[in-house]
Amino acid sequence: MGGRRATQPAAGWRPPQRLAADGGGLRVRFVEESGQRERTFDFAGLPVERDVQLWLVRVFVRRAGPRSATKRMSTAVGHFDILRGFAASLATASPPPRGPANLRPAHLTGFLLRYRGQPSEREYLKRLRVLLRDDPELPEPTRSALVSARLAPAAPVSPVVGYGDTEWQQIMTVVRQDVRLARDRIRAGRRLLDRFRAGGLPSDSPEAGLGVLLDVFDRTGDFPRVGSGVHSRAVQKAGGMTGLGRRLCLSSDEAVAFCLLLVALTGENFGTVAAWPAAHHRPDGGDGDTSVALVEEVKPRRGPDREHMVIALEDLPAGVPAVLEAAGEETRLFRSPLRVYQLLVELTELSRRHGGHTLAFSTFVPRPGPLGSRWTEGVNATDLLWWARRRGFPAAAEAGPDTKPAVHVGRLRQTVIERRRQPIAHTRQTMNDHYLRRSRTVQDDSRMVVGAALREQVDSARAAQGMPVLTVAFLDHARRDPAAAAATAGMEPDTLRRLISGVQDTALASCTDHRNGPHAAAGQPCPVSFLDCLDCSNARALPHQLGVQMLAAERLRGLRPNLTLAVWEAHLRRRLDQLEEILNHYTAAERDQARAAVTARQQQLVDDLLDGRWDLR
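Predicted, not measured: the structure shown is a model, and the values here were computed from it. (Residues numbered from 1 in each chain as written. Predicted model: local features only at pLDDT ≥ 70, side-chain atom pairs only at ≥ 80, totals over all residues. Heavy atoms only, no water.)

## Re the overall build of the chain
Across its full length, the chain carries 27 helices and eight strands. Residues counted as buried form 42% of the 617 residues belonging to the chain. Across the chain, every contact between residues at least 6 apart in sequence was considered, and the portion connecting residues at least 24 apart equals 59%. About 33300 Å² of surface is accessible on the chain, with carbon and sulfur atoms providing 52% of the total. (Helix = DSSP H or I, 4+ residues; strand = E, 2+ residues; numbered from the N terminus. Buried < 20%, exposed > 50% of the residue type's maximum accessible area, 1.4 Å probe, protein only. Contact = heavy atoms within 4.5 Å. Areas by Shrake-Rupley, 256 points an atom, 1.4 Å probe, with all protein chains shown as cover.)

Structure, rendered in structure tokens:
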């Protein structure tokens, strides 16, 4: 693993010889932790006094040194840009500070005014706080002003939402087409080269001439040139460096397509996948039944202790390949992260060999920049932007209902997580609170599930708490006109008379016919517990049972703290709800009168009922 190296001038410190001739300690060399990129940051050109320049170097080294959290070149460049902007604002102060001890709150105000009203105002203040909040040389009044400065309101951020099925297919169709064309083209070029080297091509055939050029390219990384240094006429006729190089190497667009496909198959971040190494471990030795490759990846946001992790790229589960093979080998390829990764490593072998690359993503660029190499490693956001633009995908601001979707790697990952509902390189809490919480699909599904559950509970409650209550007013009506009251209650007058007299009483209610209940055959006495009367369609509640019902409800409430939640929910909670539904039919005065009239016999009845002694008789 690479490291970061920086030089730190301090008071009374003499720089090493290699820095003494390099700006007098005002240049800092930063090496990315991966060791792949490095850059020298020159503080000598900042328009401030030398002591201020040296102080800014110390600030930079503290935040970008070997023990800091800065690991990537982009972060180091961001730190330098903030310090350069701060130095530019200090240069306009009157008088300009001669050293860090001369910094005043007004200097911070000048920096903030420099970016007032710009989209970067909030971000610049946040970054300056990160750099200076614990600086030991910053005067305390200035530090307090830095911390207390009010941040500009954050710009509204559109939520990251997953793609719909149609949008997903539009993107994946183009991605798979690019991968398929790259695979067929490069494998065809390798087969032609192998036939040429094996002597299987006639020497005077066009394929033989092409084989010569590909052989030179495979061995040297270049094509034949004439004395002037330009490529030979044969190279020009065969398509030049662009046409010939693409026969054996991926283009930048095709590397982006591979990266997008792996993001769609694994749910990993685009930048994380783009940094996958070509080296990997196969626990099955490459041809066993395990069908998995272990690849090391780096996620710096997880912190220095957890940034390095190993991802398992698996083939399809057992049984699935047999089903998919009937549909063709390509169907299986585009559903297997392992196969796509193996294909990527296969197609980038030549460019990795000549470019000295270690990453799986390696490409050949026929026309590099003035200082660029023809062999490039990895893919980035710029490559993705050009891939989307060349394939007709609009920018996010231009996308609409009548256009193709904008390609957003965050939305790709969001879609995968929504569909799998499994954590991917994060905790389940992060998945639930960050990804699924903002998902419109999950929100709609949740509303449907919660709504169905609530409706089910309401229906269950209505069915469970539906015991008819014969109120005092109804009994007065029954005494005046028994036939009319019985008709209203849906029963025979003789049955109503027995209910009122108490002859049909059970423990908590009255029964219209205990030999014609839902729990036994017709003519057989009811065998269930008296508590189950609360569910029975034959049960009726009358005013003379109010005292027993109130007493039973109070005893149930007293049992609640002494029972486990599972036992309470399974056996007694519904009974208490049913009793309270009956009690709600009576006024407070009626309940008080019934409570005062409770007898010792009724108390014993309730105790026997809840203790189960009635069930044993």
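Don't stop here, the text continues.
## Considering the packing of aromatic side chains
This structure, assessed with the given rule, holds 14 aromatic pairs. Aromatic pair Phe41 and Phe80: ring centres 5.2 Å apart, planes at 45°, arrangement tilted. Here Phe41 is found in strand β2 (residues 38–42), whereas its partner Phe80 is found in helix α3 (residues 73–91), with 39 residues between them in sequence. With a relative accessible area of 5%, Phe80 lands in the buried category. With a centroid separation of 5.9 Å and 20° between ring planes, the pair formed by Phe217 and Trp375 is classed as stacked. Of this pair, Phe217 sits in helix α8 (residues 206–220) while Trp375 sits in strand β6 (residues 375–377), placing them 158 residues apart in sequence. Residue classification places Phe217 among the buried positions, given a relative accessible area of 0%. Put simply, the rings of Phe41, Phe43, Phe60 and Phe80 pair up and form one aromatic cluster. The residue whose ring lies beneath Arg411 is Tyr163, and the NZ or CZ to ring-centre distance is 4.0 Å. Of note, Arg419 hangs over the ring of Trp168, and the distance from its end group to the ring centre comes to 4.8 Å. (Phe/Tyr/Trp six-rings, centres within 6.5 Å; stacked < 30°, edge-to-face > 60°. Lys NZ or Arg CZ within 6 Å of the ring centre and 35° of its normal.)

## A look at the packing of helix α24 (residues 546–559) against helix α27 (residues 600–611)
Across the interface, α24 lies against α27 with an axial gap of 10 Å and an inter-helix angle of 45°. Here α24 lies oblique to α27, going by the angle between them. Note that α24 runs across α27; the crossing there is right-handed. Residues Val548, Leu551, Ala552, Arg555 and Leu556 of α24 touch α27, and the partners they reach there are Gln602, Gln603, Leu605, Val606, Asp607 and Leu610. By residue class, the composition of the contact of α24 with α27 is seven nonpolar, two polar and two charged. (Axes fitted to C-alpha atoms, helices over the stretch in contact; angles between N-to-C directions. Parallel < 35°, antiparallel > 145°, perpendicular 65-115°, else oblique. Left-handed = near helix turned anticlockwise from the far one by under 90°. Nonpolar A, V, L, I, M, F, W, Y, C, P; charged D, E, K, R; others polar.)

## Some thoughts on the pattern of salt bridges
In the structure shown here, the tally under the stated rule is 36 salt bridges. Salt-bridge contacts for Glu38 lead to Arg29; the nearest nitrogen and oxygen are separated by 2.9 Å. Using a relative accessible area of 47% as the deciding quantity, one classes Glu38 as partly exposed. Residue class for Arg29 comes out partly exposed when judged on its relative accessible area of 30%. Where Arg575 meets Asp532, a salt bridge forms, and the shortest distance between an N and an O atom there is 2.6 Å. Taken together, the residues span a long stretch of sequence, with Arg575 in helix α25 (residues 565–583) and Asp532 in the loop between β7 (510–511) and β8 (539–540) at a distance of 43 residues. (Salt bridge = Lys/Arg side-chain N within 4 Å of Asp/Glu carboxyl O.)

## Topic: the nonpolar core
One finds Val175, Phe258, Leu260, Trp276, Phe361, Trp387 and Val407 to be the most contacted residues of the largest nonpolar core, which totals 53 residues. Every element with two or more residues in this core is listed here: α7 (165–197), α11 (252–266), α12 (270–274), β4 (308–314), α15 (337–347), α17 (381–390), α18 (409–420) and α19 (428–436). Here the element with the most residues in this core is α11; it accounts for 11 residues. Those residues in contact with Phe361 that sit more than four places away from it in its chain are Ala255, Phe258, Cys259, Leu262, Val273, Ala274, Leu344, Thr376, Glu377 and Gly378. In this structure, Phe30, Ala76, Leu103 and Leu131 belong to the second largest nonpolar core, which totals 37 residues. (Core = buried A, V, L, I, M, F, W, Y, C linked by side-chain atoms within 4.5 Å.)

## As for the environment of Arg438
The topology assignment puts Arg438 in the loop between α19 and α20 (440–464). The class for Arg438 is partly exposed, based on a relative accessible area of 23%. Here the alpha-carbon distance between Arg438 and Gln414, two residues 24 residues apart in the chain, equals 9.5 Å. Dropping the residues within four chain positions of it, Arg438 is found in contact with Val160, Gln414 and Gln443.

## Side note on the environment of Gln549
Checked against the element boundaries, Gln549 lands in helix α24. Each C-alpha atom of the pair Gln549 and Leu579 lies 6.5 Å from the other, and the pair is 30 residues apart in sequence. Leave out the neighbours within four places in its chain, and Gln549 touches Leu508, Ala541, Leu579, Ile582 and Leu583.

## Examining the environment of Arg339
Checked against the element boundaries, Arg339 lands in helix α15. For the pair Arg339 and Ala293, spaced 46 residues apart in sequence, the C-alpha separation works out to 9.7 Å. For Arg339, the side chain forms a polar contact with the side chain of Asp315, separated by 3.3 Å. (Polar contact = N/O pair within 3.5 Å; in protein donor to acceptor, adjacent residues only side chain to side chain.)

## Regarding the confidence of the model for the chain
When pLDDT is averaged across the chain, the result is 84; 90% of the residues are at 70 or more. Averaged pLDDT values for the elements of the chain fall to 27 in helix α1 (residues 17–20) and rise to 95 in α11. Here residues 1–23 is modelled with pLDDT under 50, and outside its nearest four sequence neighbours on either side it reaches 44 contacts, counting other chains as well. (pLDDT = per-residue confidence, 0-100.)

## As for α8
In a regular helix each residue adds 1.5 Å, so 15 residues correspond to 21 Å; α8 covers 22 Å between its end C-alpha atoms and thus fits that length. Every buried residue of α8 is accounted for by Ala208, Leu210, Gly211, Leu213, Leu214, Asp215, Val216, Phe217 and Asp218. Positive phi appears at Gly221, one or two residues downstream of α8, with a value of about 85°. (Expected span 1.5 Å × (residues − 1).)

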